[in-house]
Every structure is written in C-alpha cells, then in structure tokens.
Amino acid sequence: MADFGLYEYQEEVVQRALRGENIIIWLPTGGGKTRAAVYVAKKHLENNPGAKVAVLVNKVHLVDQHYNKEFNPYLGRDYSLVSISGDCDQKDFFGSEVKNSDLVICTAQILENALTNQEEGKHVELSQFTLLIIDECHHTHKEGVYNKIMARYVAQKLKGERRLPQILGLTASPGTGGTKSIKGAVEHVLQICANLDSVIVSSKVYAHELKKKVPRPRKRFDIVDRRPQDPFGDHLKFMMQFIHDFMALGPDFPVREFGTQEYEADVVILEKKGVTDRNRLLSQCALHLRQYNDALLINDTVRMVDAFRVLESYYSTKMFCSSTENEVELRKLSGDARFENPKMGKLQNTLLEQFDQGGNSRGILFSKTRKSICCLYDWVSNNPALQRAGIRAAILTGAGNGINYMTQNEQKDTIRNFRLGSLNLLISTSVAEEGLDIPECNLVVRYGLLTNEIAQQQASGRARASDSVYSVVAQAGGREVRRELLNECLEDLTGRAIGEVQRMEPREFQMKITDLQTEALLTRQLAEQLKIKKRSRFNAATVQLSCRGCFLPVALGNDIKVIENAHHVNINPDFERYYKTGGQPALKTFEDWEPGRVISCAACGRQWGMEIIYKKIAMLPILAIENFAMETPEGRKLAKKWKNVEFTVEEFNFTWSIFCHESVLSLF
C-alpha cells in the first residue's frame, strides 16, 4: 500500500473491507477516509472481474470534488469513471451510464430516483453494483435518502437475496442520536450499523499515528459580558408585548422568553391556530411576532442595524405608505453606537489576534443562518481594522436555487480562491463543516451556534494547521457555551459507545443487527400502509384550498395535478384570476420545464409559488401547499408538504392539458 500513500492507520481500518466485509470506517475529519475508500475501490475492481462501484454523496459539490481530487487521479487511467449530479445531463440516462462505467460517483438522490424509475435507460437495480461507498454515512437514518436506499438493501437481504453490493460507509462521527446515556448511545450506534448492514471499525494499533496526523486545535472560549443596555431590543419586546396584550390569549398560551428559538416555535403554533380557527387577526399577529423575534435573534447575534434592515425589508413588502412611529424609533436606536452588540467587538479581537500576525493565516467563521453570515460579511468588509489586517473574506453557503444560495460554480470558485490565498476568511453556514475539500486553517470560529456533537467535531476538524485555534465566541452564561461543553461530553460518549459495540461478540452483534433490521422493515411497511390510507381519506373534489394569508377560497383539490411526482400544478384556467405575478426566481432551466414568474395572492400578497413553462408549451402555476389552508369535510387542515395532504393528487395529463388549458395558447 506504500505506493498508494496510505498511512498505517488507514491500512489498518481497510483490512476487513479488503476481505469483502461490510464496514463503516470511523476516522476524524482530515483523517483520510476518502483516500482509504479509493484504495478499497481500486482493490475491489482489480480482484473482481466485472465489478461495478457506486460512490454516494449527500451534497452536489462533493460529486466533482471526489471525482477530481480522489477517484479519477488514482483510478481514471485503468477504469471508466463517471460523475453524475442534478446539474448534468447524464442523470437522465443514469441506467445507461452505470452499464457503461466501472465506477459512478453521484448524489444519493440520483441513485434513489433510478431505483424507482422503471423507464429503460434510467432504471438500475442494487444488484448491478458490487460495492457501494457511502460518504458521511451517519446520515443513514430516519427518512434520509441514504436510508431509503439501504432500506431496499436490507429488505432484499432479509428475503435471502445474495446478489447485493458490499457496503463501505465513511463517517467522522455517528453521534449519539440525541441521547445522553451510554445505553442510548450504544443503541444508536447499533442502529446505524443495522441501517448500513455493517460493522464499525477504527484505528487501534496505530491510533498514535492518527493523533499525530490529525492534531486537535487549541480550544478556547472567548466570552463577552452581557449587553448592559439594549434599548433597541427592549423596544422590540415592548412592541411584542403590546401585540400579546391585544390578542388576550389568556393562561392557555403562556409566553416564553422573547428572542429565543423556543418562542419562535410557539409563534409558529399560534399562526397555525389562527389559520385553522379561521382567525385572520390571530394568524397575522403571529406572523408579525415572528418577524420581531427574528429581529431580536439577529440583534443578539450581529449588529442592531442588521436587525433593523431585516424588519425594514419585511415591511417593504407590506402596503404601508409611510413610516410608523415604531419604525422611526427603531431606526434611531439602531444607529446609536453606545448600545452596539459587545460580541462584535470580541469577534473583531479574535480575528485580529490571528490575522494581525501577518503570514498566511486562513480561517473559517461559522454562523447559523444565511442571513447572519450575510450580515457578518457586510461587517467584515466595512470594518477598517479588519481590512487593515488584510482579511479578504467571502461567503460560503449551500448550493441550491434562490437568492440566498450559491450555485455549484460559485462554491467551486470561492473554495479555489480560498485555497490559492486570494481569500483568507470564509464566512460560512454548516456547509463547510462536512465534506468540503478546504485547506488547513489556523483559526475556526463558532459564532452564535447551537449544534450537535457531530457538527462540532467536523467544524473543529477544519482547524488542522499547526498551533491552530478553535474559538467559541459567546456571551457569559449563554446557551452556546453550555451546548459546546455538552457536545464535548457527547463526543466522549460516542467514542465509548463505539468501543462497546466493537467489543461485542460477533454472534451477539449479528443477532442485534438482524433484530433491528427486521423491526425497521415492519415499521416501514406499516408506515407505508398508513400513508396510502391517509392519502385517500378525502375525495379531492370535496377539498377546497384557501389562501393562508387572507383565507380566500381559490381552488379545489381536483384542480391540482402532479408532474413527475414532484411539481404540483393547478390546471384550472380560472385560477389565473386569483393571483398576480412578480419577478423571475433565480432558477435554472430543466429538461422538461423552465421557470416563469413568482406568483402571489392578488388579494393579500401572500406568495404561493411560481409559474413554469412545461415542455415549452404549457404555462402552469406550481403551488406550495404550505401557503394554503385546506377546507375538508372534517374541518380546516394544514400541510407543510404535498406528501402530507389527505386526498389523492392525480398525475398531470399533458395531452388533456393542451386542449383544455388556455395558458397553452398564450405562449404562441
């Protein structure tokens, strides 16, 4: 293995995989899990004529990264490799690509789609593969796409199917599954092993070498005292309390602390109650309260002016002709430097301590939301002290569609510039915690984050340069510090749980795995039966859809049809009079459709979805069910996703639509 460049601890963890066993490799971030997987794939292809390997990832950007950085350099000369994601045309002929390739790297959703699609040239079976490599395999649980794929695998295995691929999972941490007891943690690790039909392996003999190769950063808590005065926040709370007094909810709805995630959850429930009770005043008050609570959260994380801009943006979408008294007061308070967030000063000192030294400092600043990282980027870019220190920052968020997302190419450009040194600070959401090939950093800052032990370990693993610093900037006595300390305990608990599982007798381990797999199979079968029953509870013609904002009835359930099991459109030509159109959403053009304009309620302005041009002929409105209330024979109901509605949505009939839908003619 020396010619392949593996460390001895990597050689140790792949041994059982080389013998054809299903395993999960547990190594820390930066430990070289992917390189070990490339070696296993190489040996598998060499030793098994006709072998076929699939490498599954959970994020689009990892497809090209794994292809270009790992698999193609080592295997591309001798084998046929292909990388496929939702951004490329090969996905439409996935079955053919698999047939003609030795190794395919794709997002898990691409494989899941191909397993369910029966069309020739697109369909595949698990039995076509001989090795399945699953990156970040701790996501193989609940309703995740990894688990959907592995559920098929386990079901076939329990039926006695022998033509199934070998499994190789990769993870920096399976976590504890939310439990705080060793018993619960062991059960969680066993469940992950059962879901992947694998044992979990780690380095024992060469653990000292691993520790040397992946040193832990120096961790510190940069604590700041609580804000002595916060008139901006106090005024927001005054406004919120005024609304609560106006609503007169009574003792059945106790008010939790304003400016917290718990309060936000309460307000979400309050809005739902307003909609289901047909109380528009209550639902609208709840929407305003949520905006004020968001502003409080931002005020606690970044600057007052950032919080004010969020409110200003929200109210710009409302039909107000002039500024209110509260808006004028908040604007004035947000500009008073005496009451600025002290955490910003502490963050500035933390960054300057590292970047003022000169040299080639690189850092990642993690924050929770896209909104907060945009605010932090604006602050860094306009901060004279940070600019004098030579900080060149950029935002890094998840790939996707919409104004707050990055395209895959934008992600690649940002990471390339960071690697080359033209950028030296990434301001990022959790996207940079997991999987991305980011150069070694000497500073990682966690700012305003409450995450689990898996995310914490992955973020910490980004600080891999010598004498690197992992800083938690937080308020004294704040929840961030408590969560960080808890995560340290949970990280230790994860290690102990894995140790217990590894020490089990093989027979005992296998019995537990089989029991868990059988139980999961029966649970899924029962859940599917209940879903089918739920989806046919009401006749679609008896369900009326009303705007969630103003409660205006606008459609019937049988007006809705589904395209390709994904896009729910209203085919009733009369529906057009209920909505108005806005700007163009930031979406690319797909094979069968291209985006049209955003649509919203003509009466109240609530956004409903968007128009699409289907097969270059039909202009159809796509609706998001979360923006509507459903009047059913058993009362008003809400659904977050279309899969939760209690009536059957029929497939869209394109031929029928050509003759019946006026919008077809409007394109000519």
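Parameters at a glance
Residues numbered from 1 in each chain as written. Predicted model: local features only at pLDDT ≥ 70, side-chain atom pairs only at ≥ 80, totals over all residues. Heavy atoms only, no water. Phe/Tyr/Trp six-rings, centres within 6.5 Å; stacked < 30°, edge-to-face > 60°. Buried < 20%, exposed > 50% of the residue type's maximum accessible area, 1.4 Å probe, protein only. Lys NZ or Arg CZ within 6 Å of the ring centre and 35° of its normal. Core = buried A, V, L, I, M, F, W, Y, C linked by side-chain atoms within 4.5 Å. Helix = DSSP H or I, 4+ residues; strand = E, 2+ residues; numbered from the N terminus. Contact = heavy atoms within 4.5 Å. Axes fitted to C-alpha atoms, helices over the stretch in contact; angles between N-to-C directions. Left-handed = near helix turned anticlockwise from the far one by under 90°. Nonpolar A, V, L, I, M, F, W, Y, C, P; charged D, E, K, R; others polar. Pairing = 2+ DSSP bridges. Salt bridge = Lys/Arg side-chain N within 4 Å of Asp/Glu carboxyl O. Expected span 1.5 Å × (residues − 1).

J.: How should the packing of aromatic side chains be read in this particular structure?
T.: We describe a pair of aromatic rings using the distance from one ring centre to the other and the angle between the two ring planes. What the rule picks out here adds up to 6 aromatic pairs. Between the aromatic rings of Phe258 and Tyr263, the centroid separation amounts to 5.0 Å while the plane-to-plane angle is 80°, which identifies the pairing as edge-to-face. Taken as a pair, Phe258 and Tyr263 share a single burial class, namely buried. Put simply, the rings of Phe575, Tyr579, Trp608 and Phe628 touch in pairs and so form one group of aromatic residues. Lying across the ring of Phe551, Arg636 places its NZ or CZ 4.7 Å from the centre.

J.: What am I meant to see in the nonpolar core here?
T.: Note that soluble globular proteins tend to have their nonpolar side chains buried in a common cluster. Ranked by size, the top nonpolar core spans 82 residues in total, and within it Ile25, Phe71, Phe94, Leu103, Leu111, Ile133 and Leu168 carry the most contacts. Tallying contributions element by element places helix H7 (residues 182-196) first for this core, with 8 residues. Not counting residues within four places of it along the chain, the set of residues in contact with Ile25 comprises Val13, Val14, Lys33, Ala36, Leu168, Gly169, Leu170, Thr171 and Val201. Counting residues in hydrophobic clusters, the runner-up holds 53 residues, among them Leu351, Val380, Ala389 and Ile427.

J.: Looking at this model, I keep getting lost on the packing of helix H1 (residues 8-18) against helix H2 (residues 33-47). Mind explaining?
T.: Each packed pair of helices is defined by two parameters, the angle between the axes and the distance between the axes. Taken N-terminus to C-terminus, the directions of H1 and H2 make an angle of 35°; their axes are 10 Å apart at the nearest point. Along this stretch, H1 crosses H2, giving a crossing that reads as right-handed. Of the residues in H2, those touching H1 at Gln10, Val14, Ala17 and Leu18 are Arg35, Ala36, Tyr39, Val40 and Lys43. Looking at the contact of H1 with H2 residue by residue, the classes come out as 6 nonpolar, 1 polar and 2 charged.

J.: I tried to follow the sheet that holds strand S2 (residues 53-57) on my own but got confused; where do I start?
T.: Within a sheet, adjacent strands bond to each other through the backbone by hydrogen bonds, running parallel or antiparallel. Pairing is parallel across the open sheet formed by 7 strands, whose spatial order is S3-S4-S2-S5-S6-S1-S7. What marks the edges here is a single partner per strand, and that holds for strand S3 (81-84) and strand S7 (199-201). The average angle at which neighbouring strand axes cross in this sheet is 15°, direction not considered. Taken together, the 4 bridges between S3 and strand S4 (residues 103-107) define a ladder with parallel strand orientation. Note on S4: the bridge partner recorded for Val82 is Val104. On top of the sheet, H1 reaches strand S1 (23-26), strand S6 (166-171) and S7; it is set at about 170° to S1, its chief contact.

J.: I keep staring at the pattern of salt bridges and nothing clicks. Help me out?
T.: A side chain with one charge can pair with a side chain of the opposite charge if their charged atoms come near. Overall, the coordinates contain 43 salt bridges when judged by the stated rule. One salt bridge connects Arg597 with Glu611, and the closest N-O pair in it is separated by 3.1 Å. One end of the pair, Arg597, is in strand S19 (residues 593-601); the other, Glu611, is in strand S20 (residues 607-614), with 14 residues separating them in the sequence. For Arg597, a relative accessible area of 36% translates into the label partly exposed. Here the salt bridges do not stand alone but share partners, grouping Arg303, Asp306, Arg309 and Asp378 into one network.

J.: Looking at this model, I keep getting lost on the environment of Val98. Mind explaining?
T.: Relative to the assigned elements, Val98 resides in helix H4 (residues 94-99). C-alpha of Val98 to C-alpha of Leu81: the two residues are 17 residues apart in sequence and 9.5 Å apart in space. For Val98, the residues in contact, after removing those within four places along its chain, are Lys52, Val104, Val124, Gln128 and Phe129.

J.: How do you make sense of unusual backbone geometry when you look at a structure like this?
T.: The phi angle of most residues is negative, glycine excepted, and most peptide bonds adopt the trans form. At Asp197, a position not held by glycine, the phi torsion is positive, near 50°. Within the secondary structure layout, Asp197 lies in the loop between H7 and S7. Positive phi is not limited to glycine here, since Asn565 has a value of about 55°. Position of Asn565 relative to the elements: it lies in the loop between strand S16 (560-563) and strand S17 (567-570).

J.: So what exactly am I meant to see when it comes to the sheet that holds strand S22 (residues 628-632) here?
T.: Ordered in space as S15-S14-S22-S23, the 4 strands form an open sheet in which the pairing is antiparallel. Looking at the sheet topology across the chains shown, the edges are occupied by strand S15 (553-556) and strand S23 (635-637). On average, each strand axis in the sheet is inclined to that of its neighbour by 30°, with strand direction left out of account. Bridge analysis of strand S14 (residues 544-547) against S22 gives 4 bridges, and the strand direction is antiparallel. Residue Leu545 lies in a different strand from S22, and its bridge partner there is Met630.

J.: I tried to follow the pairing of S22 on my own but got confused; where do I start?
T.: When a strand is regular, its side chains alternate between the sheet's two faces. By the criterion of burial, S22 is predominantly enclosed, with 5 of the 5 residues buried. Taking every second residue as pointing to the same face, both faces of S22 are buried, with Phe628, Met630 and Thr632 on one and Ala629 and Glu631 on the other. Alignment of S22 against S23, held across 3 bridges, turns out to be antiparallel. Among the inter-strand pairings, Glu631 is bridged to a residue of S23, identified as Arg636. Hairpin connection, S22 to S23: the antiparallel pair is bridged by 2 residues.

J.: Explain H7 to me, please; I cannot follow it from the model alone.
T.: Think of an α-helix as 3.6 residues a turn; residues three or four steps apart then line up on the same face. In a regular helix each residue adds 1.5 Å, so 15 residues correspond to 21 Å; H7 covers 21 Å between its end C-alpha atoms and thus fits that length. The buried fraction of H7 amounts to 11 of the 15 residues, a majority that puts the element mostly inside the structure. Buried within H7 we find Gly184, Ala185, Val186, His188, Val189, Leu190, Ile192, Cys193, Ala194, Asn195 and Leu196. Asp197 sits one or two residues past H7 and shows a positive phi near 50°.

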